[in-house]
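Here's the letter readout for the chains.
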Amino acid sequence: MKKVTFRASFSILIAIAILAGLALYIFRYIEKGEEWALYFDASTSSCTYKLVDRNGVSLATMDRGGRFYSPDDEVRTSCYHTIGDYAGNVGTGILVNFKRELSGYSPITGIREGEDVTLKITLDAELNKIAYSALAGRSGAVMLVNYKTGEVPCMVSSPSMDPLNPPETLPDGVYLNRCISSTFTPGSVFKIVTLTAALENIPDLYQRTFTCSGGIEVSGVYVKCSGTHGTQTIEQAFANSCNCAFGELSLELGADTLEEYAGRLGLTSQHTLDKVTTAAGSFTKDTAGSPGLAWSGIGQFEDLVCPYSMLRLVSAIANDGKLVEPSLMGTSSKTTDFMTKTVADKLTDMMNYNVVYHYGKDNFPNLNVCAKTGTAQVGQGKENHAWFVGFILDEAHPYAFVVLVENGGSGLTAAGSIANTVLQAAVNRN
């Protein structure tokens, strides 16, 4: 009897071990199956795997002959942070994050042997070349999205490199995608957040006037403005990017409200662009009535923003307050509510007022631009970061944009000119 019991127990243990091993194998297969597939050894496959842009321009190819990049060195360089490389040095690259789609792999059928695979993305390689050229060697980020469909035709980060012919000495931060993986002091583009909070929380905002004599004193500290703007309406204060007006609004709204809106509008959260997690910004609450609180609503103090998060915000404003989540894989069906259409319309009107009455429509010929500049002070004797964010009101070309030039100086001069170059090209290409 003891022998029977022992044998039965032993058989149960063996069965449990077999089931545990099978479960582990299934788990590992689901997790690592595509890494075991032929994608990693295209030389043994009869298929050709292609990555192409929206117009069919070759970005990367794998076949029996090996692994190849675009034959155009400008495409390779300008698209590097979006495409990545076969070594996986760029964590945001499609070659790393879309192996399954690129290889046609399925956990049920494996690799589609005998059938070529082409993955088309929304990127426009020619537009990327234009944006990278416009940055002219300066560190920065340029991104464009169709705010009606979510398609991303342009995403450029600089410095970059040619993965086929890398330099002996790599530029600092060359593997970092500044569009989605970095945060920067926003400067006055953050005033969009403060203005949104004011529109929703200060009923008489449009009836008020704001006086600027070059600065305001807050608890014994002088908060300096970029000019002396006199008496202004809220529209004029926003166009003038008046630190006096927005410092006063920050103090009135309070740190809790500003923090709430920075979070609600997506600036302090991580997001996902397709499969890639983006960098989260930050907003530090200072005490009531403090200089830090005044500066934080102006976009200084300890504020940090990811360019991608700012792109999401202006895209939502352009689309009546509803964001169509950006994607490199095609038209997006995912939406996020940011604000009411009423508030979005007010922001649109004021961002358009900025261009018409302050920045100059002649700087953006034939484009109906709504925008906000940012000239962010970064200290340590360094030149200011230059920002230009916004969108164009054009049913045929509904593009929102973000341009950042690190230590570029003036937001309008440095970043605004790049935005115009890229937008003109985008409109003329479609």
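Parameters and conventions
- Residues numbered from 1 in each chain as written.
- Predicted model: local features only at pLDDT ≥ 70, side-chain atom pairs only at ≥ 80, totals over all residues.
- Heavy atoms only, no water.
- Salt bridge = Lys/Arg side-chain N within 4 Å of Asp/Glu carboxyl O.
- Helix = DSSP H or I, 4+ residues; strand = E, 2+ residues; numbered from the N terminus.
- Buried < 20%, exposed > 50% of the residue type's maximum accessible area, 1.4 Å probe, protein only.
- Lys, Arg positive; Asp, Glu negative; His and termini not counted.
- Polar contact = N/O pair within 3.5 Å; in protein donor to acceptor, adjacent residues only side chain to side chain.
- Contact = heavy atoms within 4.5 Å.
- Phe/Tyr/Trp six-rings, centres within 6.5 Å; stacked < 30°, edge-to-face > 60°.
- Pairing = 2+ DSSP bridges.
- Axes fitted to C-alpha atoms, helices over the stretch in contact; angles between N-to-C directions.

Asks: What is the right way to read the pattern of salt bridges from this model?
Replies: Where charged atoms from two side chains of opposite charge approach closely, those side chains can pair. Counting across every chain of the model gives 15 salt bridges. Close ionic contact of aspartate 337 with lysine 322 constitutes a salt bridge, the shortest N to O distance being 2.5 Å. Highlighted residues: aspartate 337 in strand 14 (residues 335-337) and lysine 322 in strand 13 (residues 322-324), separated in sequence by 15 residues. A relative accessible area of 58% places aspartate 337 in the exposed class. According to the relative accessible area criterion, lysine 322 is partly exposed, its value standing at 34%.

Asks: Help me understand the side chain of aspartate 85 in this model?
Replies: If you trace the backbone, aspartate 85 turns up in the loop between helix 3 (80-83) and helix 4 (94-97). Here aspartate 85 occupies a buried position and makes no salt bridge, while the nearest side chain of opposite charge, arginine 67, is found at 9.2 Å. Polar side-chain contacts of aspartate 85 include one of 2.8 Å to the backbone nitrogen of glycine 88. A distance of 2.9 Å separates a polar side-chain atom of aspartate 85 from the backbone nitrogen of asparagine 89. Other than its neighbours up to four places away in sequence, aspartate 85 contacts Tyr69, Tyr80, Val90, Leu95, Val96 and Pro163.

Asks: Sorry, what's going on with helix 9 (residues 243-253) here?
Replies: Residues spaced three or four apart along an α-helix face the same direction, because each turn holds 3.6 residues. Counting buried positions along helix 9 gives eight out of eleven residues, so the element sits mostly inside the fold. Those residues of helix 9 lying buried are Asn243, Cys244, Ala245, Phe246, Gly247, Leu249, Ser250 and Leu253. Where helix 9 terminates, the next one or two residues include glycine 254, which has phi positive at roughly 90 degrees.

Asks: Even after reading the chapter, I still don't get the packing of aromatic side chains, so can you show me in this structure?
Replies: Aromatic rings considered in pairs are described by the distance between their centres and by the relative angle of their planes. For the structure shown, the criterion picks out eight aromatic pairs. Each ring, one from phenylalanine 238 and one from phenylalanine 246, has its centre 6.0 Å from the other, and the planes form 45 degrees; the classification is tilted. Taken individually, phenylalanine 238 and phenylalanine 246 each receive the classification buried, so the pair is uniform in this respect. A ring pair is formed by tyrosine 353 and tyrosine 357, whose centres lie 4.6 Å apart and whose planes are at 35 degrees; its orientation type is tilted. With a gap of four residues between them, tyrosine 353 and tyrosine 357 both fall in helix 13 (residues 341-359), about one helical turn apart. You can call tyrosine 357 exposed: its relative accessible area is 60%. Among the aromatic residues, those joined into a cluster by ring pairs are Tyr359, Phe364, Phe388 and Phe401.

Asks: Help me understand the sheet that holds strand 16 (residues 385-392) in this model?
Replies: What links the strands of a sheet is backbone hydrogen bonding, and the strands pair in either a parallel or an antiparallel sense. With antiparallel pairing, five strands are arranged side by side in an open sheet as 6-5-17-16-15. Looking at strand neighbours, the two that pair on one side only are strand 6 (154-158) and strand 15 (369-376), the edges of this open sheet. Averaged over all pairs of adjacent strands, the angle between strand axes in this sheet comes to 5 degrees, irrespective of strand direction. In terms of strand pairing, strand 16 meets strand 17 (residues 399-405) through six bridges, oriented antiparallel.

Asks: Quick question: what am I supposed to make of the environment of valine 305 here?
Replies: Structurally, valine 305 is set in the loop between helix 11 (291-296) and helix 12 (307-318). For valine 305, a relative accessible area of 1% puts it in the buried group. Considered as a pair, valine 305 and phenylalanine 283 are 22 residues apart in the sequence and their alpha carbons are 8.8 Å apart. Contacts of valine 305, omitting those with residues within four sequence positions, involve Ser182, Thr183, Phe184, Pro186, Phe190, Leu267, Gly281, Met310 and Trp387.

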